[in-house]
Amino acid sequence: MLKRMFVVIAAAVMLTAPFGLQTTRAQIANDAAAEKARAGVMKAGTGRKARVEVRLRDETKLKGYVSEAGADSFTVTDAKTGAARAVAYTDVAEFKRQGGGLSPTTKALIWGGVAAGAAVTLYAVRGAFCDGMC
């Protein structure tokens, strides 16, 4: 009798264990997304230059700038309409900063490298096109 009861309990635990792990994984993913959003808001700062794009867990998308940032939530204000919406960090599924393109200094360095490469290439192949007159 005791052996049969142990087998039934062990089978029940083995059958329900995957469901418990699934809930734990989802909770860990939620906490990770909230921490990522919190870090993104702190990095972006507040003001009109802190443009963000936020996708919430209910599939709502918000675009605008961070006007306020707190410990539990932040406020996204739409730049066009001026409508503000408070968002809890735990409601965020995805957080992106907008307009994170290359800085003007980086663009200048890239174009300088392209110009230097072109000059070196022209200098290297000039003998093939000059017929000894250059």
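Residues numbered from 1 in each chain as written. Predicted model: local features only at pLDDT ≥ 70, side-chain atom pairs only at ≥ 80, totals over all residues. Heavy atoms only, no water.

Draft legend 1. Main features of the overall build of the protein. Each helix and strand counted, the protein has 2 helices and 5 strands in total. Going from N to C terminus, the protein has its helices and strands arranged as α-β-β-β-β-β-α. Buried residues in the protein amount to 17% of all 134 residues. Long-range pairs, those at least 24 residues apart, make up 42% of the contacts in the protein between residues at least 6 apart in sequence. Accessible area for the protein stands at about 10,200 Å²; split by element, carbon and sulfur atoms hold 63% of it. (Helix = DSSP H or I, 4+ residues; strand = E, 2+ residues; numbered from the N terminus. Buried < 20%, exposed > 50% of the residue type's maximum accessible area, 1.4 Å probe, protein only. Contact = heavy atoms within 4.5 Å. Areas by Shrake-Rupley, 256 points an atom, 1.4 Å probe, with all protein chains shown as cover.)

Draft legend 2. Spotlight on a nonpolar patch on the surface. A cluster of nonpolar residues, Leu-102, Ile-110, Trp-111 and Val-114, forms a patch on the protein surface that exposes about 450 Å² of accessible area. For Val-114, a relative accessible area of 47% puts it in the partly exposed group. (Patch = residues over 30% accessible without salt bridge, like charges linked within 9 Å, V, L, I, M, F, W, Y side chains within 5 Å. Salt bridge = Lys/Arg side-chain N within 4 Å of Asp/Glu carboxyl O.)

Draft legend 3. View of the sheet that holds strand S3 (residues 73–77). Ordered in space as S4-S3-S2-S1-S5, the 5 strands form an open sheet in which the pairing is antiparallel. The strands lining the two open edges of the sheet, one partner per strand, are strand S4 (84–88) and strand S5 (92–97). Neighbour-to-neighbour, the strand axes of this sheet turn through a mean angle of 40°, independent of strand direction. In the sheet, strand S1 (residues 51–56) pairs with S5 via 5 bridges, with the strands oriented antiparallel. Looking across to S5, one finds that Arg-55 is bridged to Glu-94. (Pairing = 2+ DSSP bridges. Axes fitted to C-alpha atoms, helices over the stretch in contact; angles between N-to-C directions.)

Draft legend 4. Just the pairing of S4, in detail. Taken together, the 5 bridges between S3 and S4 define a ladder with antiparallel strand orientation. If you follow Thr-77 over to S4, its bridge partner there is Ala-84. Following S3, the chain reverses through 6 residues before pairing antiparallel with S4; Gly-82 in that reversal takes a positive phi of roughly 80°.

Draft legend 5. Up close: unusual backbone geometry. Even without being glycine, Glu-59 reaches a positive phi, approximately 70°. The residue Glu-59 is located in the loop between S1 and strand S2 (61–69) in this model.

Draft legend 6. Fine view of the packing of aromatic side chains. Counted by the stated rule, this structure contains 2 aromatic pairs. Between Phe-74 and Phe-95, the aromatic rings sit 6.1 Å apart at their centres with planes inclined by 85°, giving edge-to-face as the arrangement. Residue Phe-74 is found in strand S3, and its partner Phe-95 is found in strand S5; the two are separated by 21 residues along the sequence. The buried category is assigned to Phe-74, whose relative accessible area is 1%. Following the ring pairs from residue to residue traces out a cluster consisting of Phe-74, Tyr-89 and Phe-95. (Phe/Tyr/Trp six-rings, centres within 6.5 Å; stacked < 30°, edge-to-face > 60°.)

Distances and angles like these do not, on their own, reveal function.
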